[in-house]
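Report on the structure
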Amino acid sequence: MRTRLSVAALAAVSLITMASLAAAQQPITIRAGIVLDGKGGVQRNAVIAVDGTRIVKIGDGTAETATYDFPRLTVMPGMIDAHVHIGAHFGKDGRAVTPGETPAEAALYGAANAYAMLMAGFTTVQSIGAASDVPLRDAISHGLIPGPRLLTAVTPLTDTSLTLDQVRAHIRKAVADGADVIKIFASKSIRDGGGQTLSDEQINAACGEAKALGRRVWVHAHAASAVRAAALAGCTTVTHGSQITDAEADLMAKRGTYFEPQTGLLLQNYIENKPRYMGIGNYNEAGFKFMEDGIPLNDAMFKMAIKHKDLKINMGTDAVAGSHGRNANEVVHRVKVDGQGAMDAIVAVTSLNAEAMGLGGLVGTLAPGMEADLIAVDGDPTTDITALQRVVFVMKGGKVYRNVAAGR
Ligand SMILES: [Zn+2]
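What counts as what
Residues numbered from 1 in each chain as written. Predicted model: local features only at pLDDT ≥ 70, side-chain atom pairs only at ≥ 80, totals over all residues. Heavy atoms only, no water. Pairing = 2+ DSSP bridges. Helix = DSSP H or I, 4+ residues; strand = E, 2+ residues; numbered from the N terminus. Axes fitted to C-alpha atoms, helices over the stretch in contact; angles between N-to-C directions. Contact = heavy atoms within 4.5 Å. Buried < 20%, exposed > 50% of the residue type's maximum accessible area, 1.4 Å probe, protein only. Donors = N, O, S within 2.8 Å, 3.2 Å for Na, K, Ca; no water.

Considering the sheet that holds strand 6 (residues 122-127)
Overall, parallel pairing links the 3 strands, which are arranged 5-6-7 in an open sheet. At either end of the open sheet lies a strand with only one pairing partner, and these are strand 5 (79-84) and strand 7 (149-152). Neighbour-to-neighbour, the strand axes of this sheet turn through a mean angle of 15°, independent of strand direction. With 4 bridges joining them, strand 5 and strand 6 adopt parallel strand pairing. Looking at strand 6, one finds that Asp81 is bridged to Val125.

See the structure below:
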């Protein structure tokens, strides 16, 4: 009796296995009322066919039956955040410093941030960066834990006392340690006024060495002089840029430098969580004053920047503790408060970000041959950008990680 049951059970298991194998070989189809391709294109009532990890076809959805049918939703590429700090978190006492925390505890917080961002529709993020990003990146890419595709800068360059040779050696070491991208701090924190720190020569050396090694460089710069030096040095992206004028916007546009300002989440998050940060380093009353004053200044700067139509403004939130999973707030703020066109903001968080991160041929666009990283949002973000905060379906590499679309 026992043996017969086991055989039956085994047979059932192998039938299920065969059935799921057969199912896996059938393309999955997703039909949506609106499909945005991430490059500005809009299709109504379209169906996307996914085979394995890739999109194989996007066509008219009229006559089709679909695996996932979202007539009232918008399907678009999975969002991309080009600037997060994936390991940053509040500790057991709720504070932004975590003395006595074990590496295992820290690793779990990183995994939680990764999950929060994936559930919020971010299927690729770039962490700028920490050594602990590397095992997290690898665990996600090996399918051990759920999270966005993760790129990391591993070890940012901050030391202004380095000789030019030492700057180059730092870049080589970061690459040897697994850096996908290089991060350099060319100015002070905005809490300390944002003045230039690295010399023009150091910025040149860093970006030159990174380029020689096939790596992109994200440059933290508030002061106009530091932004200018980064653009002239051929660095990939200037992040922050709070003190730029028309002249630096023009220069970045001319040099093809990506510009990644923050207006909607970074400073607001610090202020909302003031007691958790207060008293740590430059998180003092003067630092918070700089940040409170910084919000309207950043809005004014962004409004100026979007007038430069040839300037490539990508989307990076600089997400720190308290921000992960709220990344879309930056996009919503850019549209609702700063007046950016909704489609421009959507392109920035999808295809333009992919391009800035060297992933333009892989993600950020819905088209045959691209990785099947796609999300469904409740509403039409081209007319109501807050739809990006209502992500109800997440697929990454052809695998569904979230589906709460029922009844929408
Ligand atoms: Zn940052």
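Quick look at the side chain of Asn298
Relative to the helices and strands, Asn298 resides in helix 10 (residues 285-305). Asn298 has contacts with Ser242, Gln262, Thr263 and Leu267, leaving out every residue within four places of it along the chain.

Some remarks on unusual backbone geometry
Of the consecutive residues Ile128 and Gly129, the connecting peptide bond is found in the cis state with omega at -10°. Within the secondary structure layout, Gly129 lies in the loop between strand 6 and helix 3 (133-141). Backbone geometry at Val154 places phi at a positive 55°, although glycine is not the residue there. Locating Val154 in the fold gives a position in the loop between strand 7 and helix 4 (164-176). A positive phi angle is found at Asp318, which is not glycine, with a value near 60°. Structurally, the position occupied by Asp318 is in the loop between helix 10 and helix 11 (328-336). Exposure remark for Asp318: the relative accessible area of 8% places this residue in the buried category.

A look at the environment of Phe290
You can see Phe290 is positioned in helix 10. Looking at Phe290, the relative accessible area reads 38%, which means it is partly exposed. Expressed as a C-alpha distance, the spacing of Phe290 and Met370, which sit 80 residues apart in the sequence, is 43 Å. Those residues in contact with Phe290 that lie beyond four places of it in its chain are Ile190, Arg191, Asp192 and Gly193.

Remarks on the coordination of the zinc ion
On the protein side, the zinc ion has His83 (NE2), His85 (NE2) and Asp318 (OD) as donor atoms, found 2.1 Å from it. Going along the chain, you hit the donors of the zinc ion in the pattern H-x1-H-x232-D. One end of the pair, His85, is in the loop between strand 5 and helix 2 (103-119); the other, Asp318, is in the loop between helix 10 and helix 11, and 233 residues separate them in sequence. The exposure classification of His85 matches that of Asp318, with both residues buried.

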